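What follows is the residue order along each chain.
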Amino acid sequence: MDEAPIGIFDSGVGGLTVMRAVMRRLPAESIVYFGDNARGPYGPREIPEIRRFAVEIAVFLESLGVKIIVVACNSATSAGLLEVQRRCGVPVLGVVEPGARGAVQATRNRRIGVIGTVATVRSRAYQRAIHALDAGAHVHSRACPTLVDFVERGEVKGPRVEKEVSRYLAPLARRGVDTLVLGCTHYPLLRPVIEGVMGDGVRLISSDEEVAREVEENLARRGYLRESSRPSAYRFMCSGDVEQAVALGRIFLGPEVEKVEKVELPLGSVGR
Ligand code: DGL
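Enquirer: Would you mind showing me how to read the site of the ligand here?
Expert: If you check the shell around the ligand, you find 13 residues, and the closest are Ser11, Tyr42, Gly43, Asn74 and His186. In this structure, an oxygen atom belonging to the ligand sits 2.8 Å away from a side-chain N or O atom of Ser75. Here a nitrogen atom of the ligand and a side-chain polar atom of His186 are 2.6 Å apart. In the complex, 99% of the free accessible area of the ligand, which totals 290 Å², lies under the protein chains. In terms of residue class, the shell around the ligand is built from five nonpolar, seven polar and one charged.

What follows is the structure, given as structure tokens:
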């Protein structure tokens with residue numbers, strides 16, 4: 001099992017922020033990444049539909065022989081993590097609980113802001129996860145529907161995105177939050193802009209590092225960490241526009257994104 005890759009998926013390129021953290025922490029591990037860019041963004045979709053996509057992709061990744069799956073999408077985690085866990089034979093980790101834990105540990109005034117897609121905010125998954133750890137924490141959430149589009153276009157700085165981020169974050173700043181959860185795996189790419197708007201007094205929490213640590217612990221405890229001296233391999237797949245996936249993948253992850261394989265929907269098993 002230790003030679004098997006880790007499977008990671010998102011609705012597009014956002015999950016590459018999680019993949020990058022996993023690559024840094026576990027350089028010996030091979031990874032298969034799937035971006036559902038034909039159907040993303042998921043944020044505006046209905047929760048049952050997102051859940052169906054998440055199950056379909058996880059079952060597909062399992063058919064490729066992965067040893068663990070990371071749902072590197074807050075919308076998909078919020079909508080369908082439990083169902084994916086029920087349907088898969090390998091361990092499945094999501095991104096909401098690690099982010100919630102990081103926020104609860106970091107906040108001093110116990111006022112936590114959460115930004116995410118409409119689906120994530122509507123699901124109240126962060127409220128539940130935060131209150132499971134600190135029932136007295138105050139959680140203020142805000143859906144930021146247009147930010148994913150900025151990131152998917154590669155527009156991560158400049159006056160237009162700054163204006164949009166300020167508009168979304170102003171009400172949270174007024175509530176006095178001292179900790180802000182970036183509840184969408186696309187948002188770490190906007191970190192400098194978000195930091196600029198919120199100022200030094202607010203800590204930003206993104207789940208990528210927390211998730212990478214959890215992947216390591218899960219693999220280590222099961223004895224699944226890869227120990228081979230041969231180099232690790234990265235495989236990228238998407239359901240939609242390959243050229244766009246390569247271009248954005250190179251910007252957001254790096255030169256490791258040499259080639260992206262197109263997989264037709266509905267997903268079936270392709271060669272290992
Ligand atoms: N990156 C995703 C998330 O974490 C999804 C963005 C979207 O598909 O709307 O929610």
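Enquirer: I would appreciate a short explanation of the pattern of salt bridges in the present structure.
Expert: In a structure, side chains of opposite charge can pair up when their charged atoms sit close to one another. Per the stated rule, a full pass over the model turns up 18 salt bridges. As a salt-bridge pair, Glu216 and Arg25 come within 2.7 Å of each other at their nearest N and O atoms. Taken together, the positions of Glu216 in helix H10 (residues 207-222) and Arg25 in helix H1 (residues 16-25) put the pair 191 residues apart, joining distant regions of the chain. A residue is classified by how much of its surface remains accessible, and Glu216, at 26% relative accessible area, is partly exposed. Judged by relative accessible area, Arg25 falls into the partly exposed class, the value being 34%. Glu261 serves as the salt-bridge partner of Arg235, at 2.8 Å between the closest nitrogen and oxygen. A residue pair is termed long-range when its members are at least 10 positions apart, and Arg235 in strand S9 (residues 234-238) and Glu261 in strand S10 (residues 260-262) qualify at 26 residues. Within this structure, Glu3, Arg226 and Arg230 form a network of salt bridges that share partners.

What counts and what doesn't
- Residues numbered from 1 in each chain as written.
- Predicted model: local features only at pLDDT ≥ 70, side-chain atom pairs only at ≥ 80, totals over all residues.
- Heavy atoms only, no water.
- Near = heavy atom within 4 Å.
- Polar contact = N/O pair within 3.5 Å; in protein donor to acceptor, adjacent residues only side chain to side chain.
- Areas by Shrake-Rupley, 256 points an atom, 1.4 Å probe, with all protein chains shown as cover.
- Nonpolar A, V, L, I, M, F, W, Y, C, P; charged D, E, K, R; others polar.
- Salt bridge = Lys/Arg side-chain N within 4 Å of Asp/Glu carboxyl O.
- Helix = DSSP H or I, 4+ residues; strand = E, 2+ residues; numbered from the N terminus.
- Buried < 20%, exposed > 50% of the residue type's maximum accessible area, 1.4 Å probe, protein only.

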